[in-house]
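The lines below spell out each chain.
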Amino acid sequence: MIQLFDTLSYPELRLIMQELYTTIFFMTSILFVCLGNICRSPMAEDIFLKILERKDQKADFEIDSAGLLDYHQGDLPDSRMRMYASQRGYQLTHRSRPVTKDDFDYFDLIIGMDNQNINGLMQLAPSKSFQQKIRLITDFCHKLRATEVPDPYFSGAKGFEYVIDLLEDACEGLYKEVGR
Ligand code: 4NP
C-alpha cells in the first residue's frame, strides 16, 4: 500500500483520501453543473446548502458546483444572480471552476440544469458506468412543472426569479430523496 502511494502524484492522493473520508463517514457528495458556473449551479449549491443547514445535516454532505465552460474560471457569480439571490437571503460566494473527469470519480451525484448540460456531461464522463451519476435537476421538482432550468444569462429580472423558483422547488425534492 505504501509503495502504491509512492507512485501517486499529490492530486491523485488527495482524491483517494477524500473518497476514503466520504466512504468512512457516510457522506453524500453532490456536484451541481451548468454552462458557465456563474448563475444556475452556484445558486443551486447555495439553496441546497441552506436546506442542509435548516435540517442540521451539513456535516453529512459535500456540495459543490462547476461549469462546462472554463471561460469564467475564478469569477464570483454574475452580479444579477447575486442580487436576486440576496433578496431571498442567499449570499453567493462560490468561484467558478470547470467540471473535470475527476469529478465523476469523486461525486455521488452530478446534477445538470438543462439538456445541453446533460449532453456535455455524458460526453465528459470517463465511462458508461459514470454516466449513471448524472441527473437532470428538474426531475426533482415536485411543485413546479419544467423540463429544464433555462439559462438566465441573456434574460431580465423574470428569468433570474424563475431560476430561483425552480431551484428552490427542485432542491427540496432532491433533499427528500437523499436526506437522512
Ligand atoms: P450559467 O449561465 O450556465 O447558469 O452560469 C451562463 C453564464 C455565462 C455564459 C453562459 C451561461 N457564457 O456564455 O458566458
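Here, every reference points to the structure presented above.
Each value, and the rule that gives it
Residues numbered from 1 in each chain as written. Predicted model: local features only at pLDDT ≥ 70, side-chain atom pairs only at ≥ 80, totals over all residues. Helix = DSSP H or I, 4+ residues; strand = E, 2+ residues; numbered from the N terminus. Buried ≥ 20, exposed ≤ 12 C-beta atoms within 10 Å, placed from the backbone. Contact = placed C-beta atoms within 7 Å. Pairing = 2+ DSSP bridges. Axes fitted to C-alpha atoms, helices over the stretch in contact; angles between N-to-C directions. Near = placed C-beta within 6 Å. Nonpolar A, V, L, I, M, F, W, Y, C, P; charged D, E, K, R; others polar. Right-handed = clockwise from strand over helix to strand, strands pointing away. Core = buried A, V, L, I, M, F, W, Y, C linked by C-beta atoms within 7 Å.

Caption draft 1: Representation of the overall build of the protein chain within the structure. In terms of helices and strands, the protein chain carries eight helices and four strands. Its helices and strands in sequence order give the protein chain the pattern α-α-β-α-β-α-α-β-α-α-β-α, from N to C terminus. Among the 180 residues that make up the protein chain, the fraction classed as buried is 34%. Taking contacts inside the protein chain between residues at least 6 apart in sequence as the whole, the part at least 24 apart equals 73%.

Caption draft 2: Summary view of the sheet that holds strand β1 (residues 28-34). Taken together, the four strands give an open sheet; going across it, the order is β2-β1-β3-β4, and neighbouring strands pair in parallel fashion. Sheet topology places β2 (61-67) and β4 (134-136) at the edges, where each strand pairs with a single neighbour. Strand-to-strand twist of the sheet, defined as the mean angle between neighbouring strand axes without regard to direction, takes the value 25 degrees. Two elements, β1 and β2, share seven bridges in a ladder whose sense is parallel. Looking across to β2, one finds that T28 is bridged to F61. Its contacts with the sheet put helix α3 (residues 40-54) on β1 and β2, and the angle it makes with β2 is roughly 170 degrees.

Caption draft 3: Looking closely at the site of the ligand. Inspection of the region around the ligand gives C34, L35, G36, N37, I38, C39, R40, G67, Y71, D151 and Y153 as its neighbouring residues. The residue inventory of the shell around the ligand, partitioned by class, reads six nonpolar, three polar and two charged.

Caption draft 4: Inspection of the pairing of β1 at higher detail. For β1, the buried fraction is high: five of the seven residues fall into the buried class. This β-α-β element, β1 to α3 to β2, shows right-handed connectivity. Direction of pairing for β1 relative to strand β3 (residues 109-112): parallel, over a ladder of four bridges. Within the sheet, the bridge partner assigned to L31 lies in β3 and is I110.

Caption draft 5: Spatial organisation of the nonpolar core. Judged by nonpolar contacts, the single largest core of 40 residues is most densely connected at V33, M43, A44, M81, I110, V163 and L167. For this core, the secondary structure elements donating two or more residues are β1, α3, β2, α4 (79-87), β3, α6 (115-124) and α8 (157-178). Examining the composition of this core, we find that eight residues originate from one element, α8, more than from any other. The residues contacting V33, other than those within four sequence positions of it, are S41, S65, A66, G67, L68, V99, I110, I111, G112, N117 and L121.

Caption draft 6: Fine view of unusual backbone geometry. Positive phi, normally seen in glycine, also occurs at N37, with a value near 60 degrees. Note on placement: N37 falls in the loop between β1 and α3. Owing to 29 C-beta atoms within 10 Å, N37 belongs among the buried residues under this scheme. Of note, the phi angle at D56 is positive, near 60 degrees, even though the residue is not glycine. Along the chain, the position of D56 falls in the loop between α3 and β2. Take D56: there are 8 C-beta atoms within 10 Å of it, and that puts it in the exposed class.

Caption draft 7: Examining the environment of V99 more closely. Position of V99 among the secondary structure elements: in the loop between α4 and α5 (101-106). With 25 residues separating them along the chain, V99 and L124 place their C-alpha atoms 8.8 Å apart. Not counting chain neighbours up to four residues away, the residues in contact with V99 comprise V33, A66, G67, L68 and L124.

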